[in-house]
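One-letter residues, chain by chain:
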Amino acid sequence: MIPAQFDYHAPTSVDEALQLLRDADDAKVLAGGQSLIPVLRLRLAAPATIVDLGRIASLRGVREDGDAVVIGAMTPHHEVADHPLVREHALLLALATETVADPQIRHRGTLGGALVHADPAGDLLAPALALGAQMVIQGSGGTRTVDASDFFQGLFTTVVGEDELLSEIRVPKHTGWGAQYEKFTRVAQQWSIVAVAATVRVEGGTIAEARVALTNMGSTPVRATAVEQALVGAAPTQEAVRAAAASAAEGTQPPSDTNGDADYRRHLATVLTARAVLAAAG
Ligand SMILES: Cc1cc2nc3c(=O)[nH]c(=O)nc-3n(C[C@H](O)[C@H](O)[C@H](O)COP(=O)(O)OP(=O)(O)OC[C@H]3O[C@@H](n4cnc5c(N)ncnc54)[C@H](O)[C@@H]3O)c2cc1C
């Protein structure tokens, strides 16, 4: 279908974009368009104004800032996945980004767009949560920083207001941590039925620190804290990791749909968690 008519603006600075969002009655931000354009074409949304962030150079790129890797919201998936700083300090995010859709979509879609879209089956929410990422949000009232644990509010909903922008994602460095993103799909290049993001630090033959988060086990990504606690101090053996992974579905509320019911997803979560942690621990 053809989208409903809208005014189109392509500002070249964040200030200009914020002014446009402030002035427009019903505006929507456009990033890579890989989720928004289908929504417009299906007329599930019909905003009066589109503010395209594609020409704002300051929103794109990866840099280092002390203990964090800072990723501009408009950085496309392929750049995140391949960037040496991301691979060295936030390997989990790079590995998860490699699994998003296909090369065409990874060249257009952006990290910021995926996080604000907040699809529970999206692959970048759980890694952001597991790594303790911080979201930098700019609006007319100034800049605020929100932890990933507070950012996702519900199905397709985040704390980003209608007149605000996600400008960058600050990922604390996890240098030397092993990582794995285990994604379960029926056919290649599909959305996750369930996926598990795991990153661990192994020291002297035992797991010293572990962070595990689940994709599509609720309306927002979920930290598997019981698993993390059980892993710390354990040797990364099949037996110990499987025992810890048994509590992966604790406290989750997975959906039931044509891909699988909630019980099936709970089972998947335990199996994928064990696989992800074992791979992350090497
Ligand atoms: C066929 C197909 C398969 C896909 N498969 C996967 C998959 O396997 N895994 C996966 O994770 N994703 C998948 N995606 C989604 C893909 O990752 C998208 O790139 C992503 O969800 C949206 O990013 P975008 O940059 O295209 O955002 P857009 O579509 O441009 O925007 C999405 C939403 O976020 C808002 N927004 C975007 N950027 C900002 C910002 N900086 N500040 C405030 N609001 C903003 C927009 O207003 C809109 O509401 C798939 C998409 C398609 C079309």
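Up top is the structure.
This text gives an overview of the structure that appears in the document. These figures come from a predicted structure and were not determined experimentally.

What to know about the packing of aromatic side chains
Across all of its chains, the model carries two aromatic pairs by this definition. Centre to centre, the rings of Phe151 and Phe152 are 5.1 Å apart; their planes meet at 90 degrees, and the pair counts as edge-to-face. An identical accessibility class is assigned to Phe151 and Phe152; each is buried. Between Phe184 and Tyr264, the ring centres sit 6.5 Å apart and the planes meet at 75 degrees, which makes this aromatic pair edge-to-face. Note that Phe184 is positioned in strand E11 (residues 178–184) and Tyr264 in helix H12 (residues 262–280), a separation of 80 residues in sequence. What makes Phe184 partly exposed here is its relative accessible area of 26%. For Tyr264, a relative accessible area of 33% corresponds to the partly exposed category.

Overview of the pattern of salt bridges
A complete count under the given rule lists 12 salt bridges for this structure. Among the ionic pairs, Arg170 bridges to Asp65, the shortest N-O distance being 3.0 Å. Pair noted here: Arg170 is in strand E10 (residues 165–172) and Asp65 is in strand E4 (residues 62–65), with a separation of 105 residues, a long-range link. Taking relative accessible area as the criterion, Asp65 reaches 34% and is therefore assigned partly exposed. Linking Arg201 and Glu209 is a salt bridge whose minimum nitrogen-to-oxygen distance equals 2.7 Å. Because the salt bridges share partners, they merge into one network encompassing Arg201, Glu203 and Glu209.

Some details on the site of the ligand
What surrounds the ligand is a group of 28 residues, the closest being Val29, Gly33, Leu36, Thr110 and Asp123. Within the backbone of Leu36, an N or O atom sits 2.7 Å from an oxygen atom of the ligand. Across the complex, the protein chains shield 89% of the 980 Å² of accessible surface that the ligand would expose by itself. For the shell around the ligand, the secondary structure elements donating two or more residues are strand E2 (27–30), helix H7 (111–117) and E10. Broken down by element, the shell around the ligand gets its largest block of residues, four residues, from H7. Its residues placed into classes, the shell around the ligand shows 14 nonpolar, 11 polar and three charged.

Some thoughts on the side chain of Asp123
Here Asp123 shows up in the loop between H7 and helix H8 (125–130). At 2.7 Å, the side chain of Asp123 and the side chain of Lys183 are in polar contact. Here the side chain of Asp123 touches Ser192 through a polar contact of 2.6 Å, side chain to side chain. Each residue touching Asp123, except ones within four places of it in the same chain, is listed here: Ala96, Thr99, Val100, Tyr181, Lys183, Ser192, Ala195 and Thr215.

Cut-offs applied
Residues numbered from 1 in each chain as written. Predicted model: local features only at pLDDT ≥ 70, side-chain atom pairs only at ≥ 80, totals over all residues. Heavy atoms only, no water. Phe/Tyr/Trp six-rings, centres within 6.5 Å; stacked < 30°, edge-to-face > 60°. Buried < 20%, exposed > 50% of the residue type's maximum accessible area, 1.4 Å probe, protein only. Helix = DSSP H or I, 4+ residues; strand = E, 2+ residues; numbered from the N terminus. Salt bridge = Lys/Arg side-chain N within 4 Å of Asp/Glu carboxyl O. Near = heavy atom within 4 Å. Polar contact = N/O pair within 3.5 Å; in protein donor to acceptor, adjacent residues only side chain to side chain. Areas by Shrake-Rupley, 256 points an atom, 1.4 Å probe, with all protein chains shown as cover. Nonpolar A, V, L, I, M, F, W, Y, C, P; charged D, E, K, R; others polar. Contact = heavy atoms within 4.5 Å.

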